[in-house]
Amino acid sequence: MKLYTSDKKESLSSWWLRFRLNHWPCLWCTGGKIQFISSDMRELHVSLKKNLRTLNRVGTIYGGSIYSSVDPYYMLMMMWILGPDYVVWDKAAKVKFVRPILDKVKIRFLITEELIEKTKQDILEKGEIVFDLPAKYEDEEGAVYATFEKTIYAASKEFYEKKLASKNMVSAFKPSKRS
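Residues numbered from 1 in each chain as written. Predicted model: local features only at pLDDT ≥ 70, side-chain atom pairs only at ≥ 80, totals over all residues. Heavy atoms only, no water.

Within the protein, the regular secondary structure consists of six helices and six strands. Counting from the amino terminus, helix and strand elements in the protein follow one another as α-α-β-β-α-α-β-β-α-β-β-α. With the principal axes as the frame, the protein shows a C-alpha extent of 50 × 40 × 30 Å. Out of the 179 residues in the protein, the part that is buried amounts to 43%. Restricting the contact set of the protein to residue pairs at least 6 apart, pairs at least 24 apart contribute 66%. On the protein, roughly 10600 Å² of surface is accessible, and the fraction owed to carbon and sulfur atoms is 56%. Averaging the locations of the 30 positively and 22 negatively charged side chains of the protein gives two centres separated by 6 Å. (Helix = DSSP H or I, 4+ residues; strand = E, 2+ residues; numbered from the N terminus. Buried < 20%, exposed > 50% of the residue type's maximum accessible area, 1.4 Å probe, protein only. Contact = heavy atoms within 4.5 Å. Areas by Shrake-Rupley, 256 points an atom, 1.4 Å probe, with all protein chains shown as cover. Lys, Arg positive; Asp, Glu negative; His and termini not counted. Charge placed at Lys NZ, Arg CZ, Asp CG, Glu CD.)

Right, let's talk about the side chain of T54 for a bit. Locating T54 in the fold gives a position in the loop between β2 (43–49) and α3 (63–68). In this structure the side chain of T54 is engaged in a polar contact, spanning 3.0 Å, whose partner is the backbone oxygen of K49. Within the structure, the side chain of T54 is placed 2.8 Å from the backbone nitrogen of N51, a separation counted as a polar contact. With residues up to four places along the chain from it excluded, the contact list for T54 reads T30, G31, L48, K49, T60, I61, Y62 and S65. (Polar contact = N/O pair within 3.5 Å; in protein donor to acceptor, adjacent residues only side chain to side chain.)

Taken by themselves, the reported measurements are silent on function.
In structure tokens, the structure reads:
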């Protein structure tokens, strides 16, 4: 069920991914629910409503649920879009709680073709890039409840491995050698 107007479609594979992510314990426990993932992984919608998992002491949605229900999506989307030749990490996040959430809100994560091309070009030129992506929780009338700015790191896998080797660090992509 799309929460926003979009020309994108959901495929069987993106529906299956949505089903699996919605049942993954660390995402299910946030109270957020993915409602739509486009077949090209460039658009994702999440809803969050007040329930036993999200309720705080004062009767609104807990701030931890608000943030954790949006945390992984931009990183995961960029990983899927860029593919296995790239490394993508969440680097930072900025959250602003605008007003208490008393009922149900929605958020859209959108990655444009321009952003993908710029990211690939910058990585080609520099090996790595850090960029910010905005998002906001809003209700059906468009009132904003929380805003987010996610800072994402992306690099070519080759550049990232060399960077780790130069710092004498263990890669997250290769098992460490144990004696």
